[in-house]
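Each chain, letter by letter, is given below.
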Amino acid sequence: MEESEITAETETAEDPAGLEDPAGPEDPASLKPFELAFPGPLRDQLVAAVLSGEKTSTTGLLVEYEVEGDALPRVGERWALIDSRGLPVAVVETTEVRVLPVGEIDLRFAIEEGEGYTTVAEWRASHERFWHGAEMREFLGDPEFTVTDATVAVAERFKVVRRLG
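Residues numbered from 1 in each chain as written. Predicted model: local features only at pLDDT ≥ 70, side-chain atom pairs only at ≥ 80, totals over all residues. Heavy atoms only, no water.

(A) Structural detail: the overall build of the protein. Looking only at helices and strands, the protein features 5 helices and 6 strands. Element order for the protein, N to C, with α for helix and β for strand: β-β-α-β-α-β-β-α-α-α-β. Partitioning the intrachain contacts of the protein with sequence separation of at least 6 by distance along the chain shows that 73% fall at a separation of at least 24. For the protein, the accessible surface area stands at approximately 8,800 Å², while carbon and sulfur atoms represent 52% of it. (Helix = DSSP H or I, 4+ residues; strand = E, 2+ residues; numbered from the N terminus. Contact = heavy atoms within 4.5 Å. Areas by Shrake-Rupley, 256 points an atom, 1.4 Å probe, with all protein chains shown as cover.)

(B) Up close: helix 4 (residues 120–131). Between its first and last C-alpha atoms helix 4 spans 16 Å; for 12 residues at 1.5 Å apiece the expected length is 16 Å, and the two agree. Listed in full, the buried residues belonging to helix 4 are Trp123, Arg124, Ser126, His127 and Trp131. Tucked inside the fold, the buried residues of helix 4 contact strand 3 (57–61), helix 2 (62–68), helix 3 (107–112) and helix 5 (134–140). (Expected span 1.5 Å × (residues − 1). Buried < 20%, exposed > 50% of the residue type's maximum accessible area, 1.4 Å probe, protein only.)

(C) Broad picture of the environment of Arg74. Within the secondary structure, Arg74 is located in the loop between helix 2 and strand 4 (78–82). Its relative accessible area of 47% is what places Arg74 among the partly exposed residues. Each C-alpha atom, one on Arg74 and one on Glu96, is 7.7 Å from the other, the two residues being 22 residues apart in sequence.

(D) Representation of the pattern of salt bridges in the model. In the structure shown here, the tally under the stated rule is 12 salt bridges. Two residues, Glu115 and Lys55, come together in a salt bridge whose shortest N-O distance is 3.3 Å. Of this pair, Glu115 sits in the loop between helix 3 and helix 4 while Lys55 sits in the loop between helix 1 (41–52) and strand 3, and the two are 60 residues apart along the sequence. Among the residues examined, Lys55 registers a relative accessible area of 2% and is labelled buried. For the salt bridge of Arg157 with Glu96, the shortest nitrogen-to-oxygen distance reads 2.1 Å. Placement of Arg157 in strand 6 (residues 152–163) and of Glu96 in strand 5 (residues 88–101) is noted, with a sequence separation of 61 residues between them. Per residue, the accessibility class of Arg157 equals that of Glu96, and both read buried. (Salt bridge = Lys/Arg side-chain N within 4 Å of Asp/Glu carboxyl O.)

(E) Focus on the side chain of Glu93. Relative to the elements of secondary structure, Glu93 occurs in strand 5. A polar side-chain atom of Glu93 sits 2.7 Å from a polar atom in the side chain of Arg78. (Polar contact = N/O pair within 3.5 Å; in protein donor to acceptor, adjacent residues only side chain to side chain.)

(F) Structural detail: the packing of aromatic side chains. Counting across every chain of the model gives 5 aromatic pairs. Between Trp123 and Trp131, the aromatic rings sit 6.1 Å apart at their centres with planes inclined by 80°, giving edge-to-face as the arrangement. A relative accessible area of 0% places Trp123 in the buried class. Three or more aromatic residues link up through ring pairs in this structure, and these residues are Phe34, Trp79 and Phe158. (Phe/Tyr/Trp six-rings, centres within 6.5 Å; stacked < 30°, edge-to-face > 60°.)

(G) Structural context of helix 1. Taking 1.5 Å per residue as the helical rise, helix 1 with its 12 residues ought to reach 16 Å, and the 16 Å between its terminal C-alpha atoms agrees with that figure. For helix 1, the set of buried residues is Arg43, Leu46, Val47, Ala49 and Val50. For helix 1, the buried positions fall inside an angular range of 160° around the axis, keeping them on one side. The inward-facing, buried residues of helix 1 contact strand 4, strand 5 and strand 6. Where helix 1 ends, the next residue or the one after it, Gly53, has phi of about 90°, a positive value. (Arc of directions from axis to C-beta.)

Structure below.
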């Protein structure tokens, strides 16, 4: 899909009455993994932010899904949040998915990433360090990979529905 063909697509789910079963029937071993960053200190920091409730959104790149051959997340889909040891620590549920150019990420979303961003520029600089890093470029198979305003992002909101352990 050409980047120029991408328009902001949003799928959301709300539970205003709070009627959802917070325990969830799933066995975490049967869920797809929800992996933030690569194993190591950054993943540990992000998992801790999810578990504390500070992090309720995350941004990936469409190209990451294409390289992995993965479908985009869907609202209502549940995942096993994986720590750096490869162990599930929580069940999370996708509450919103937006596919849009990186240049359209807004401040509210950046703040909800729970990493202390106070401006979109801070969010962007931090994410570009990750996306332009050696691990990501190796994962993508492109040593020159560079993010621009038009690079297509997958902006996902989620909630913890059950902590494990």
